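Here are the chains, one letter per residue:
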Amino acid sequence: MNGRILLASDGSSHALRAAEEAIKLAKVLNKEIVIVFVVDFDQSKRDVLHSAGAIDLEQKRRKQLQSTEQKIREAGVSYSIQLLHGVPGPAIVEYANKEAVSYVVLGSRGLNSLQEMVLGSVSHKVAKRVNCPVLIVK
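Note that the structure is predicted; figures quoted are calculated from it, not measured.

Here is what the cut-offs are and how they apply
Residues numbered from 1 in each chain as written. Predicted model: local features only at pLDDT ≥ 70, side-chain atom pairs only at ≥ 80, totals over all residues. Heavy atoms only, no water. Helix = DSSP H or I, 4+ residues; strand = E, 2+ residues; numbered from the N terminus. Buried < 20%, exposed > 50% of the residue type's maximum accessible area, 1.4 Å probe, protein only. Contact = heavy atoms within 4.5 Å. Areas by Shrake-Rupley, 256 points an atom, 1.4 Å probe, with all protein chains shown as cover. Expected span 1.5 Å × (residues − 1). Pairing = 2+ DSSP bridges. Axes fitted to C-alpha atoms, helices over the stretch in contact; angles between N-to-C directions. Salt bridge = Lys/Arg side-chain N within 4 Å of Asp/Glu carboxyl O.

**Q** Explain the overall build of the protein chain here, please?
**A** A tally of helices and strands in the protein chain yields six helices and five strands. Listing every helix and strand of the protein chain by position from the N terminus yields β-α-β-α-α-β-α-β-α-α-β. Here the protein chain, with 138 residues, has 41% of them falling under the buried criterion. Contacts in the protein chain between residues at least 24 apart in sequence constitute 78% of all its contacts with a sequence separation of at least 6. Surface exposure of the protein chain reaches about 7800 Å², of which carbon and sulfur atoms provide 53%.

If you want it as structure tokens, here you go:
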């Protein structure tokens, strides 16, 4: 389904604020939200080493999105969840461009603020490379 709003989320407080803005946008435009959660390769390796198995890992990742999901559900907006693997910025860009989403909404900072300061923020990289409007929420 074209025209969805991509909400990039990692469960951080910035991502929750982004979810609030995505909900407003979805209601005004009558669009579905696709929550995109990127499991980056380094984090994925660490998670596998420290988890009891694939089911445990899946539950841990879903837990990170729980408050975002709850917020969207309570607002009565339809949504889906898409787990991606890779480096967050490029993975979000590739998905957004391939799926032809209408808007990308993401927080200005994620859970890994040190990495963002060193490598440039994910939100900045996404904003430069996607083919649709981007809303970066502070």
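**Q** Please clarify how helix α1 (residues 13-29) should be interpreted in this entry.
**A** Each full turn of the α-helix corresponds to 3.6 residues, which orients residues three or four apart in the same direction. Under the 1.5 Å per step criterion, the end-to-end length of α1 is 25 Å for 17 residues, consistent within 8% with the ideal 24 Å. Along α1, the residues classified as buried are His14, Ala15, Ala18, Ala19, Ala22, Ile23 and Ala26. Looking one or two places after α1, you find Asn30, whose phi comes out positive at around 55°.

**Q** Explain the sheet that holds strand β1 (residues 5-8) to me, please; I cannot follow it from the model alone.
**A** The strands that make up a sheet pair up through hydrogen bonds in the backbone, lying either parallel or antiparallel. Within the open sheet, the five strands sit side by side as β3-β2-β1-β4-β5. Their pairing is parallel. Each having just a single partner strand, β3 (79-85) and β5 (134-137) make up the two edges of the open sheet. Adjacent strand axes in the sheet meet at a mean angle of 20°, parallel and antiparallel pairs treated alike. The pairing of β1 with strand β2 (residues 33-39) spans four bridges and is parallel. Within β2, the position partnered with Ile5 by the bridge is Ile33. Sheet strands touched by α1: β1, β2, β4 (103-107) and β5. Its angle to β4, the strand with the most contacts, is close to 155°. Sheet contacts for helix α6 (residues 122-129): β4 and β5; angle to β4, the most-contacted strand, approximately 165°.

**Q** I would appreciate a short explanation of the pattern of salt bridges in the present structure.
**A** With the rule as written, the count across this model stands at four salt bridges. The shortest N-O distance in the salt bridge between Arg4 and Glu99 comes to 3.7 Å. With a gap of 95 residues between them, Arg4 in the segment before β1 and Glu99 in helix α4 (residues 88-99) connect regions that are remote in the sequence. In this structure Glu99 comes out as partly exposed when scored by relative accessible area, which is 26%.

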